[in-house]
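Listed here are the chains, written in short residue letters.
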Amino acid sequence: MTARRRAVVVVCDSLAADLVRPDTAPSLSAMRAQSADFVAARSVFPSTTRTSSASMATGCLPGAHGLLGNTMVLKEDGRLVRMSVGKPDFLDRLRRATGQTLRRPTWAERLADHGGAIVMSNVSPGAAYLQDPDSFGHVYHRSGSRGPGGELLDDGLPIEVGAAGDAAMTERFCREVLRERAPALAVLWLSEPDHTAHHTALGSPEHLAMIAHADACVQQVRSTVDALDPDGEEILLVVCSDHGMETVGRQIDLDELLLATGWKNSPQSSDVVVAPNGNAALLYFADSKRVDIPPLAQWLQDQDFAGRVVWGDALAELGLPTDGPLGIALALRHDTAANPHGVRGRSVSVLSPFSNSSLPGCGQHGGLGAHEQQPFLYLRGGGLRPGERGQPASLIDIAPTVLHHLGVAADGMQGRVLR
Ligand SMILES: [Zn+2]
């Protein structure tokens, strides 16, 4: 039989590296011992799921692929309008506003003529479709499943977000995608422990149960891969998270604060528009208001909720664009305080009109806190020697590494091949 190389990627959404332990996640811990463990792996900014999904798929930072958060601001009819990237119609609005979706090709596009890509995702529709926004491969999601050319698929994914849906999706992924269809790239994106952690305390029994659940899903994939490739040479197995989480210390209403201090004229004003992204916020400016960027950045930096405030050319240091309406990036203040369950990492977060989860005491992400920026990243098989790797690594390195394993060009990607 001719060996055909494949890659399998499993994402345990929001599972921070330091919560993968033998007592919380026995299968992941066992897999770590067999894998190249990139202990310095970091998320992108904002550390939100939709940004992460686009960065994983393109091997590029947000400034290059253009997807700047879970909430984004687009110019519609000459006005800056904020919207949730999670909604099923977001990609159509992005296309109308900018003439395209992501500005860089995804791994699904690059693999269209090289064995194809199949994605099964149980997170938001936005994050799922950003894996392959222009439908070069297959994306299965509860909001609608699409094949090449955007064809709506009859065999959808009728599941609900959460553990039961993740379990059903994983079973189908192993049986149908890995064993029967065998694409060059297969991606499984679990909704837990993220879904539960936005509503409960990190390290609580409910949260630990969801880590154990994700661990069991990974075990199912790992044993399927073992059966298909006992020597571990053909299949590169990547198991990771997109980001970790911080405990919300307090929430601020940035819209209200900007109104109260006169930086914004009215709630409906489109001169200065805040895009809340959990523990971060991005501020967009109409051309006539860009003169306010330096003084507003200084004002923000002086507030007790501010962590890092970045504007102008320095936005590029965070991987953000410097050529559009984005004016200021605000990462909220964070520290290493432990919550009642002993889980470290606490951040201020920003209220969002699009989400009522992540109240104080619950988990949240989006910013630059040490714990939300610390995903785990294990690579097994494909000739990679097991052991810890201390080199810098990022979500954007996954796609070039996968394409390298598959023998497909990764030109134009900002990430590097991990070895
Ligand atoms: Zn996520």
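Residues numbered from 1 in each chain as written. Predicted model: local features only at pLDDT ≥ 70, side-chain atom pairs only at ≥ 80, totals over all residues. Heavy atoms only, no water.

If you check an unreviewed UniProt entry, the chain appears there as Alkaline phosphatase family protein from Acidovorax bellezanensis.

Trainee: Requested: an account of the overall build of the chain, with residues and values cited.
Mentor: Each helix and strand counted, the chain has twelve helices and 20 strands in total. Here the C-alpha radius of gyration of the chain, 21 Å, is about what a compact globule of 419 residues would show, namely 22 Å. If you line up the chain on its principal axes, its C-alpha atoms span 70 × 50 × 40 Å. Counting every position in the chain, which comprises 419 residues, the buried fraction comes to 60%. Sequence separation of at least 24 residues holds for 70% of the intrachain contacts in the chain that already meet a minimum separation of 6. Total accessible area on the chain stands at roughly 15700 Å², and carbon and sulfur atoms take up 50% of it. Across the chain, 37 positive and 47 negative side-chain charges occur, with their mean positions spaced 2 Å apart. (Helix = DSSP H or I, 4+ residues; strand = E, 2+ residues; numbered from the N terminus. Rg over C-alpha atoms; globule rule 2.2 N^0.38 Å. Buried < 20%, exposed > 50% of the residue type's maximum accessible area, 1.4 Å probe, protein only. Contact = heavy atoms within 4.5 Å. Areas by Shrake-Rupley, 256 points an atom, 1.4 Å probe, with all protein chains shown as cover. Lys, Arg positive; Asp, Glu negative; His and termini not counted. Charge placed at Lys NZ, Arg CZ, Asp CG, Glu CD.)

Trainee: Tell me about the domain arrangement of the chain, residues and numbers included.
Mentor: Under the domain assignment used here, the chain contains domain 1 (6-67 + 102-244 + 373-406) and domain 2 (247-364). Each of domain 1 and domain 2 was reduced to a C-alpha centroid, and the two centroids are 28 Å apart. Counting residues at the interface gives 16 residues for domain 1, matched by 20 residues for domain 2. In this assembly, domain 1 packs against domain 2 so that about 1400 Å² is buried in total across both faces, 67% of it on carbon and sulfur atoms. (Domains from an automatic or database assignment. Buried area = accessible area lost by both parts, 1.4 Å probe.)

Trainee: Mind laying out the coordination of the zinc ion, listing which residues take part and the relevant values?
Mentor: All of the protein donors around the zinc ion are Asp-13 (OD), Asp-13 (OD), Thr-49 (OG1), Asp-242 (OD) and His-243 (NE2); their distances to the metal are 2.0 to 2.7 Å. Within one chain, the residues serving as donors to the zinc ion are arranged as D-x35-T-x192-D-H. You can see Asp-13 sitting in the loop between β1 (6-12) and α1 (26-34) and its partner His-243 sitting in the loop between β9 (235-240) and β10 (246-252), a full 230 residues away along the chain. The residues Asp-13 and His-243 share a single accessibility class, namely buried. (Donors = N, O, S within 2.8 Å, 3.2 Å for Na, K, Ca; no water.)

Trainee: Can you break down the environment of Val-239 residue by residue, with the values?
Mentor: With respect to the helices and strands, the residue Val-239 is situated in strand β9. Here Val-239 falls in the buried class, since its relative accessible area comes to 1%. Ignoring sequence-local partners within four residues, the contact set of Val-239 consists of Val-10, Leu-28, Met-31, Val-218, Phe-376, Leu-377 and Tyr-378.

Trainee: Account for the nonpolar core, naming residues and giving values.
Mentor: Grouped together as the largest cluster of nonpolar side chains are 68 residues, with contacts concentrated most on Trp-107, Leu-377 and Val-402. Tallying contributions element by element places helix α12 (residues 398-406) first for this core, with five residues. When we break this core down by domain, the ones giving at least three residues each are domain 1 (6-67 + 102-244 + 373-406) and domain 2 (247-364). Not counting chain neighbours up to four residues away, the residues in contact with Leu-377 comprise Ala-36, Asp-37, Phe-38, Ala-41, Val-238, Val-239, Cys-240, Ala-393, Ile-398 and Leu-418. (Core = buried A, V, L, I, M, F, W, Y, C linked by side-chain atoms within 4.5 Å.)

Trainee: Help me get a handle on the pairing of strand β18 (residues 377-380), residues and values and all.
Mentor: Burial along β18 is two-sided: the face carrying Leu-377 and Leu-379 and the face carrying Tyr-378 and Arg-380 are both buried. Across two bridges, strand β2 (residues 36-38) lies against β18 in antiparallel orientation. In the sheet register, Ala-36 faces β18, and the bridge partner there is Leu-379. Of the strand pairs in this sheet, β9 and β18 are connected by four bridges, and their pairing is antiparallel. When the sheet's bridge partners are listed, Val-239 is paired in β18 with Tyr-378. (Pairing = 2+ DSSP bridges.)

Trainee: I'd like to hear about the sheet that holds strand β13 (residues 306-311), residue by residue, with values.
Mentor: Note: strands within a sheet are paired through backbone hydrogen bonds, in either parallel or antiparallel orientation. With respect to topology, four strands assemble into an open sheet ordered β11-β12-β14-β13, the strand pairing being antiparallel. Strand pairing shows two members of the sheet lacking a second neighbour, β11 (272-277) and β13, which therefore form its edges. Taken pair by pair, the neighbouring strands of this sheet meet at an average axis angle of 20°, ignoring direction. Sheet topology note: the β11/strand β12 (residues 280-285) ladder contains six bridges and is antiparallel. Each bridged residue has a counterpart across the sheet, and for Pro-276 the counterpart in β12 is Ala-281. Contacts from helix α11 (residues 293-301) reach β11, β12, β13 and β14 (326-332), with the element oriented near 165° to β13. (Axes fitted to C-alpha atoms, helices over the stretch in contact; angles between N-to-C directions.)

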